[in-house]
Amino acid sequence: MFRFRFRLNSSVFALASSIFFNHSSKESKPIHVENPSDLPRTPYQHINCTGFECIRESSMINLSSSSSFLKHTLYYYSELTQRYCTHMSTMIAILEEFKRLEGQGNVQQEVWDVYVKQRILLSDMKNELLRLRLLLSTIDRLVTESIDACYQTQDEIVTQLVANELVHSKRIIEQNEQLIIQNERILTSEQLKLIEGPVDENEIKNAEE
């Protein structure tokens, strides 16, 4: 078995070290940034941003988004409520026209066909209102949780404004529901009159006989 011994004298070692370190310095040059503000920043990062401040900014973004979601959904729900109630008023007018044309055969039947089509459309609008009402209930919980989170980050002023908006939104929803109930009662009453009308006339004829 052979053993090789390789010894470097001081001059050779110094030369090898200088070559190695010069080569390494060329491959990895340090990144020099003249202005730290030129670096990429997160949407809610500040110059002196701490971890808690970032959490606060995030909670405010979440609160603003949920509040905006509530406003847009509530607006469409209120608009559809008005259209729904207007449509019921139109159907009541069609029923009155149908009763006025009683005994005129085809003309009365044409009015009834229009009423049937309007009733189908009313049913579709009713289903859409129910879906929006369920969605508003979910958004209500979302906004409430966002408000609780923001209170814990001590953003009381903005949080209180959103809380007031939530209370106001609930009042609007209640008013819309009352409006829907009132108009549905009127339409149901007119439909019952239409059903009861022929029955009463038959009873009168039987009493005369």
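Up top you'll find the structure we're talking about.
Reading the values: the criteria
- Residues numbered from 1 in each chain as written.
- Predicted model: local features only at pLDDT ≥ 70, side-chain atom pairs only at ≥ 80, totals over all residues.
- Heavy atoms only, no water.
- Phe/Tyr/Trp six-rings, centres within 6.5 Å; stacked < 30°, edge-to-face > 60°.
- Helix = DSSP H or I, 4+ residues; strand = E, 2+ residues; numbered from the N terminus.
- Buried < 20%, exposed > 50% of the residue type's maximum accessible area, 1.4 Å probe, protein only.
- Patch = residues over 30% accessible without salt bridge, like charges linked within 9 Å, V, L, I, M, F, W, Y side chains within 5 Å.
- Areas by Shrake-Rupley, 256 points an atom, 1.4 Å probe, with all protein chains shown as cover.
- Salt bridge = Lys/Arg side-chain N within 4 Å of Asp/Glu carboxyl O.
- Core = buried A, V, L, I, M, F, W, Y, C linked by side-chain atoms within 4.5 Å.

### Concerning the packing of aromatic side chains
Each pair of aromatic rings is reported with the distance of its centres and the angle of its planes. Evaluation of the coordinates by the stated rule reveals 2 aromatic pairs. Plain terms: the ring middles of Phe98 and Trp112 are 5.1 Å apart, the flat faces sit at 45° to each other, and that makes the pair tilted. Of this pair, Phe98 sits in helix H2 (residues 51-100) while Trp112 sits in helix H3 (residues 106-152), placing them 14 residues apart in sequence. Overall, the relative accessible area of 15% leaves Phe98 in the buried class. Trp112 gets classed as partly exposed once you look at its relative accessible area, which sits at 25%. Here the aromatic cluster, defined as three or more aromatic residues joined through ring pairs, consists of Phe98, Trp112 and Tyr115.

### Topic: a nonpolar patch on the surface
Taken together, the side chains of Phe69, Leu135 and Leu142 present a nonpolar region at the surface, about 230 Å² in accessible area. Looking at where Leu142 falls in the secondary structure, it is placed in helix H3. Taking relative accessible area as the criterion, Leu142 reaches 37% and is therefore assigned partly exposed.

### Comments concerning the nonpolar core
Among the nonpolar cores identified, the biggest contains 33 residues, and Tyr77, Tyr84, Val143, Ile147 and Leu187 are the most heavily contacted of them. Breaking this core down by element, the ones donating at least two residues are H2, H3 and helix H4 (156-208). Counting residues per element, this core draws most heavily on H2, which supplies 14 residues.

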